[in-house]
Each structure stands twice: as structure tokens, then as C-alpha cells.
Amino acid sequence: MEVVWKNIKFKYIFACILTTFVISCLISISPMSIDECKCEVTTQTSQYNNHRQEGNLVRARKKSSGHHLAILVPFRDRFEELLIFAQHMKMFLDKQNINYHIFILNQVDRFRFNRASLINVGFLETNKEFDYIAIHDVDLLPINDELLYWFPNKGPYHVSSPDLHPRYHYPTFVGGILLIKREHFIQVNGMSNKYWGWGLEDDEFYVRLKEAGLNVVRPQNISTGTHNTFKHIHDRNHRKRDMIKCYNQREVTRKRDRQTGLNNVSYRILDTIKMTIGDTSLTVLNISLMCDKTSTPWCECDKVIGSKDGKSKEKKKMNNNKSATGL
């Protein structure tokens, strides 16, 4: 009896060992569950990568197939504002996925600041590579992402409209930030070259646009207003505006200029400097403007002459909502 029990026990143990061995072998040589898992993960990862690549391609096509914007910034002695402007505009515009480059139009001659002439120069120096421009003040920063710098198909696009600008609210105002495509800027012969010193060049430009039948388009349904759409970083106490009027400047600059513009701005480019502020790449054009004193002797003013005439210029512009329709 004892011999029989030992045989049964031995057979049982042997069967268990054999069964365990067979199962282990089957598990070790069977790749089904592992490979199925790997395949699924690989497929999901591949699909994710494909979607991401397709998204990048769409964005790249949108950017590369779009238009090219030259941001023209008339400039003189505003380095502190420029440091703020460059970084801010890069962060703001990179989110819009557009092709753009910033050009600082630095006036280096001895004459009074001429914003309009600098814009004419900036356009002439960039229009072969860029099909629209932003006329952009260095001290006005957009802070609402609803403001778009896209190509202005429907006409000149006034980003800093009177309903949004922190200071100027009269209906014919087109200063601050204005987008205009190459064909339209050429059509109106650019801006007048007669405006040495501060003020009124934008009003004269509005009349040019109006006479050419170009309607100014402005942002619609913006969720912010005059106090929280832009940041205005100009300190009037720290940087006085050149509001002097001398000779017959006041009389001449209140009329539509039909003599000067893009076709006869006189200047020299002294240097073209590529530079980076933070991670913002930009180009500085050092511009020396020429002045014909027979037509605009006020490009150099004795500050005693006419100083009384210019004292309340900015205040009148704001309170009386001056319009270019009287030019």
C-alpha cells in the first residue's frame, strides 16, 4: 500500500511540474498581449505626432502664404520707451502668427522732428519686401489681444480708433496705430513732408485718404474701452512735445498739402543697423532728412518766435476734437 501511495504522489508532483513548465513556456514565447499593447500605444503616439505636424504645417502655411508687415516706428531720443515697446510688441504679435518686422526710423539730423517724412522714408526703404505697413507710435502699446494686425483688405485699418485711444476721440483721428497696404499708401502719395514739430500730420493724411475714396476701417465689438485697450507710456512732463509754431507754419499746415509726399521726400540713410532687444529682432534706419527752407522755414524754429502760439496746441486738439476736414 505504501508503494502504491508513493507512486501516486510521484506522478502528481511530476504532473504539476510538467504543467507549470508548459504554462511558463507558453507565456514566454507568446508575444500577443505585449505586442498588442505596444501597437496601440505606438498607434496613438503616431496619430498624435501626425496631428501635431499637420497643425504646424497649417500654421506655417498660414504664416508663409500670408502677407508681410513692416512696423514703421518714427523715433528720436525715446530709448526708454523703445526698450518697453520692442519686448511688448514681440509678445503681442507672435500670438497672431503673422510675418512682421520692426523698423525704427531714427531721425539723426539737426531739424525738428518730422514724423510724416520718416514714415515716407520707412515705406520707400521697405515696400519691396513688405506689402503693408503699420504706422506705429513708440509710446502706444496694445494690450487687448482682440486687436488684430492682419492685412487690411477692406481699406486702411485704424487700430487705435477714437473709441479706444486713451486720449484722442474725435471722429477723423487716424493717429497712433494705422495699418495700410502698399497700394493705398502709394495711391495717396504717402504723407505730407511739411509737418516739422508736433501735430496735424495725421489730420492731413485723413484728408488724403478721404479724397482718394478710401474708407478707414476700425475695430468692432472690442471688449475693452479707452482706459484698458492700450497702454500709453508717454510722460508729458518728462518729454515735452515740440508745439512751437513759427513763420507761417500754422497757416500752411492747416491746408491740404498738394505739393509734397512720398514722391519728393528728401533724405539720406546714414546707417542701417540690425539689433536685438531682449529676444526681439529689429532694424534701425538712421535717417537724415533734408529741409527746403524756401517752402518750410519752420523746420528750424527760434523757440522765442511763435512760442505763445503753440502753448495751448495739445489742449485745443483734445478738447475741441480738431478735424482735418477744415484743412
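First, a word on what this report is: a plain description of the structure on this page. Bear in mind the structure is a predicted one, so any value in this text is a computation, not a measurement.

Re the overall build of the protein
A tally of helices and strands in the protein yields 9 helices and 9 strands. Relative to its 327 residues, the protein shows a buried fraction of 45%. The long-range fraction of contacts in the protein, counting pairs at least 24 apart against all pairs at least 6 apart in sequence, stands at 81%. About 18,200 Å² of surface is accessible on the protein, with carbon and sulfur atoms providing 55% of the total.

A short note on helix 4 (residues 115-126)
Along an α-helix, a turn takes 3.6 residues, which lines up residues three or four apart on a common side. With 12 residues, helix 4 should reach 16 Å at 1.5 Å per residue; the first-to-last C-alpha distance of 17 Å fits that figure. Counting buried positions over the 12 residues of helix 4 gives 10, a clear majority of the element. Every buried residue belonging to helix 4 is among R115, A116, S117, L118, I119, N120, V121, G122, F123 and T126, and all of these are buried.

Focus on the state of the cysteines
Per the stated rule, a full pass over the model turns up 2 disulfides. There is a disulfide in this structure between C246 and C301, and the S-S distance comes to 1.7 Å. For the disulfide bridge between C246 and C301, the dihedral angle about the S-S bond is near -75°, and by the sign convention the bridge is left-handed. Residue C246 is found in the loop between strand 7 (230-232) and helix 7 (249-252), and its partner C301 is found in the loop between strand 9 (280-289) and helix 8 (307-310); the two are separated by 55 residues along the sequence. The exposure class assigned to C301 is buried, which follows from its relative accessible area of 19%. Put simply, C291 and C299 are joined by a disulfide, and their sulfur atoms are 2.0 Å apart. Classification of the bridge connecting C291 and C299 rests on its S-S torsion, roughly -90°, and on that basis the disulfide is left-handed. Residue class for C299 comes out buried when judged on its relative accessible area of 0%. Counting its disulfide-bonded cysteines in sequence order, the protein shows a connectivity of 1-4, 2-3.

What about a nonpolar patch on the surface?
Together, F79, L83 and I84 give the surface a local cluster of nonpolar side chains, amounting to about 280 Å² of exposed area. Secondary-structure assignment places L83 in helix 3 (residues 79-94). We classify L83 as partly exposed; its relative accessible area is 38%.

Concerning the pairing of strand 6 (residues 177-181)
A large share of strand 6 lies buried, amounting to 5 of its 5 residues. Inspection of the sheet shows strand 3 (residues 132-136) paired to strand 6 by 5 bridges, in the antiparallel sense. By the bridge assignment for strand 6, Y132 is matched with K181. Direction of pairing for strand 5 (residues 157-158) relative to strand 6: antiparallel, over a ladder of 2 bridges. Note on strand 6: the bridge partner recorded for Y157 is L179.

A short note on the environment of K210
As for its position among the elements, K210 is in helix 6 (residues 201-211). For K210, a relative accessible area of 53% puts it in the exposed group. In sequence terms K210 and T172 are 38 residues apart; their C-alpha atoms lie 9.9 Å from each other.

Conventions used here
- Residues numbered from 1 in each chain as written.
- Predicted model: local features only at pLDDT ≥ 70, side-chain atom pairs only at ≥ 80, totals over all residues.
- Heavy atoms only, no water.
- Helix = DSSP H or I, 4+ residues; strand = E, 2+ residues; numbered from the N terminus.
- Buried < 20%, exposed > 50% of the residue type's maximum accessible area, 1.4 Å probe, protein only.
- Contact = heavy atoms within 4.5 Å.
- Areas by Shrake-Rupley, 256 points an atom, 1.4 Å probe, with all protein chains shown as cover.
- Expected span 1.5 Å × (residues − 1).
- Disulfide = S-S within 2.5 Å.
- Patch = residues over 30% accessible without salt bridge, like charges linked within 9 Å, V, L, I, M, F, W, Y side chains within 5 Å.
- Salt bridge = Lys/Arg side-chain N within 4 Å of Asp/Glu carboxyl O.
- Pairing = 2+ DSSP bridges.

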